Amino acid sequence: IEAQLSSINMASAAAGAYQKYTLDVDRQLAEAQAVATASALSSLADADYVQESSNLVTGGILTEASISTIALSQQIRADQILSLFATL
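An account of the accompanying structure is given in this report.

Reading the values: rules and limits
- Residues numbered from 1 in each chain as written.
- Predicted model: local features only at pLDDT ≥ 70, side-chain atom pairs only at ≥ 80, totals over all residues.
- Heavy atoms only, no water.
- Helix = DSSP H or I, 4+ residues; strand = E, 2+ residues; numbered from the N terminus.
- Rg over C-alpha atoms; globule rule 2.2 N^0.38 Å.
- Buried < 20%, exposed > 50% of the residue type's maximum accessible area, 1.4 Å probe, protein only.
- Areas by Shrake-Rupley, 256 points an atom, 1.4 Å probe, with all protein chains shown as cover.
- Salt bridge = Lys/Arg side-chain N within 4 Å of Asp/Glu carboxyl O.
- Expected span 1.5 Å × (residues − 1).
- Bend = angle between axes of the 7 residues up to and from the residue.
- Patch = residues over 30% accessible without salt bridge, like charges linked within 9 Å, V, L, I, M, F, W, Y side chains within 5 Å.

What follows concerns the overall build of the protein chain. On a plain count of helices and strands, the protein chain comes out with one helix and zero strands. Relative to its length of 88 residues, the protein chain is extended, with a C-alpha radius of gyration of 37 Å against a globular reference of 12 Å. The dimensions of the protein chain, computed from C-alpha atoms along their principal axes, are 125 × 15 × 10 Å. Buried residues in the protein chain amount to 0% of all 88 residues. About 7,700 Å² of surface is accessible on the protein chain, with carbon and sulfur atoms providing 65% of the total.

Structural data, given as structure tokens:
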């Protein structure tokens, strides 16, 4: 019986050592990798948001500039037409 208990204790110790030095290390590495991956994805998402916000502002500015240019062009043409009629 003592030989069997000793064998069981040895097997239990081997299982505990395997868990502590192999499984726990693998779990810790997997957790660290998950944190690094989440951090990288967060950085990418933030960068995309900043880029898209910048694109939106740039598009708005270009649209306003285009509208102002068209309005100014129409005003100049109207003034030119009026001056033609005034000379007649």
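There's plenty left to go through after this.
Next up on the list: the pattern of salt bridges. The tally for this structure, following the rule as stated, stands at one salt bridge. Arginine 27 is the salt-bridge partner of glutamate 31, the closest N and O atoms lying 3.0 Å from each other. Of this pair, glutamate 31 and arginine 27 both sit in helix α1 (residues 2-87), four residues apart, roughly one helical turn. For arginine 27, a relative accessible area of 41% translates into the label partly exposed.

Turning our eyes to something else, we now look at α1. Helix length check: α1 (86 residues) gives 125 Å between terminal C-alpha atoms against 128 Å at 1.5 Å per residue, within 8%. Its maximal kink placed at glutamine 19, α1 deviates by approximately 35°.

With that out of the way, let us pick up a nonpolar patch on the surface. Taken together, the side chains of Ile1, Leu5 and Ile8 present a nonpolar region at the surface, about 360 Å² in accessible area. For isoleucine 1, the position within the fold is in the segment before α1. Accessibility expressed as a relative area gives 84% for isoleucine 1, which makes it exposed.

This paragraph deals with the environment of alanine 13. Here alanine 13 shows up in helix α1. Judged by relative accessible area, which is 48%, alanine 13 ranks as partly exposed. Put simply, alanine 13 and isoleucine 67 are 54 residues apart on the chain and 79 Å apart in space, counted from C-alpha to C-alpha.

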